[in-house]
Amino acid sequence: MSKRYKGAILSATAATSTSSAASGAWTLQQQMQAIAASNWPSPYLGPPTVEYLVVAGGGGGGSAVSASNSGGGAGAGGYRTASGFAVTSGSAITVTVGGGGASNTNGSNSVFSSITSTGGGRGGSNATSPGGSVGGSGGGSAGTGGTNTASSGTSGEGNAGGNNSGYLAGGGGGAGAVGSVPVGTNRDPGGNGGNGLASSISGASTYYAGGGGGAANSDTIEARSSGGNGGGGYGAGYPSANVSEVGGNGSPNTGGGGGGGSQASDNRAGGTGGSGIVIIRYADTYAAATSTTGSPTITVSGGYRIYQWTGSGSITF
């Protein structure tokens, strides 16, 4: 009896030991899974942070509405970019893509969540303010004969426009450089637009937010100025004697500023600013967004999920 009793005790003890070992193994497995989850993203979870590029609409080029005057190039839309921007799962994030301004009009702001880029400043005009307007980048000043001070850009978003030189208009500011001051006589082009900045957030290096060129003042030669790299419109010249041009338009979805319009015997408007753009990306080890609006272009490339809006919408992770 005692042996059977001892045998029973020993059997129970063995069973308990086996159960404890199994329990210990299960606990270790759970611990290892927890450690793995903390070191590698789950394919079912949205990203904790994203990288963004937010470019506002470019300003409209300045018009020329009286003899011997020329319109200033418009400033580019504000350019803001950074990584590590925190996002929250389950809440829709607003996306607004700003439109380009018409002649003598500022561009519109672009927005991603709490990030706002300022619309580009309009180019200077003798019909409104000859110094243009403050914006993401500032407008260049109109060529009116006197000295007009160009407008400033917004800190962290862009640069100032260029001053005029006599009757030659200054170029609009870009994200990467100030607008140029014209060089030469009244038979030469206006100031070139300031260059924008390149970004590879879309997967390809692309320039955004170039300023518009300032207009010329001559009725005998072609004398266009250049818009800045990043979609800036050219500053108007004279294709034939006594016939002036409308300023060149900023390129769509670049935030480029419109070029200034020139004037001889006919009055010419500045070009329209280019619309803006909003792009975000994050590591493709995280899940795709649960929903989007505004029909963004969605790609997976180079280890990133990339969302690109050319119209307003939203995204939810």
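For clarity, every value in this text was computed on a predicted model and none was experimentally measured.

A short note on the side chain of Asn217
Mapped onto the elements, Asn217 comes out in the loop between β7 (206–208) and β8 (277–283). Polar side-chain contacts of Asn217 include one of 2.9 Å to the backbone oxygen of Ser68.

Let's talk about the pattern of salt bridges
Pairs can form between side chains of opposite charge once their charged atoms are near each other. Across all of its chains, the model carries 2 salt bridges by this definition. The residue Glu51 makes a salt bridge to Arg281 at a minimum N-O spacing of 2.8 Å. Of the two residues, Glu51 is situated in strand β1 (residues 49–55) and Arg281 in strand β8; the sequence distance between them amounts to 230 residues. You can call Arg281 buried: its relative accessible area is 15%. The shortest N-O distance in the salt bridge between Arg224 and Glu245 comes to 3.0 Å. Taken together, the residues span a long stretch of sequence, with Arg224 in the loop between β7 and β8 and Glu245 in the loop between β7 and β8 at a distance of 21 residues.

Some thoughts on the packing of aromatic side chains
Each pair of aromatic rings is reported with the distance of its centres and the angle of its planes. Scanning the entire structure with this criterion turns up 5 aromatic pairs. Centroid distance Tyr282 to Phe317: 5.5 Å. Interplanar angle 85°. Geometry classified as edge-to-face. Of this pair, Tyr282 sits in strand β8 while Phe317 sits in the segment after β12 (313–316), placing them 35 residues apart in sequence. For Tyr282, a relative accessible area of 3% puts it in the buried group. Overall, the relative accessible area of 7% leaves Phe317 in the buried class. Residue placement shows Arg224 over the ring face of Tyr234; its charged tip is 3.8 Å from the ring centre.

Rules used throughout
- Starting afresh in each chain, residues are numbered from 1 along the sequence in its written order.
- Under the rules for a predicted model, residues below a pLDDT of 70 receive no local features and side-chain atom pairs below 80 are neither given nor counted, while totals for whole chains, interfaces and linings still include all residues.
- Calculation of side-chain values draws on the structure's entire complement of heavy atoms; hydrogens and water are dropped beforehand.
- Helix numbering and strand numbering both begin at the N terminus, where a helix is a DSSP run of H or I of at least 4 residues and a strand a DSSP run of E of at least 2.
- Within 3.5 Å is the distance limit for a polar contact, defined as a pair of N or O atoms, with the added protein rule that one can donate a hydrogen and the other accept it, and that residues adjacent in sequence qualify only through two side-chain atoms.
- We define a salt bridge as a contact between a side-chain nitrogen of Lys or Arg and a carboxyl oxygen of Asp or Glu at a distance within 4 Å.
- For every residue, the accessible area (1.4 Å probe, protein chains only) is compared with the maximum for its type, and the residue is labelled buried under 20%, exposed over 50%, or partly exposed between those bounds.
- Between 30 and 60 degrees the pair is tilted, below 30 it is stacked and above 60 it is edge-to-face, where a pair is any two Phe, Tyr or Trp rings, Trp via its six-membered ring, whose centres lie within 6.5 Å.
- Note on geometry: a ring has a charge over it if NZ (lysine) or CZ (arginine) is within 6 Å of the ring centre and within 35 degrees of the ring normal.

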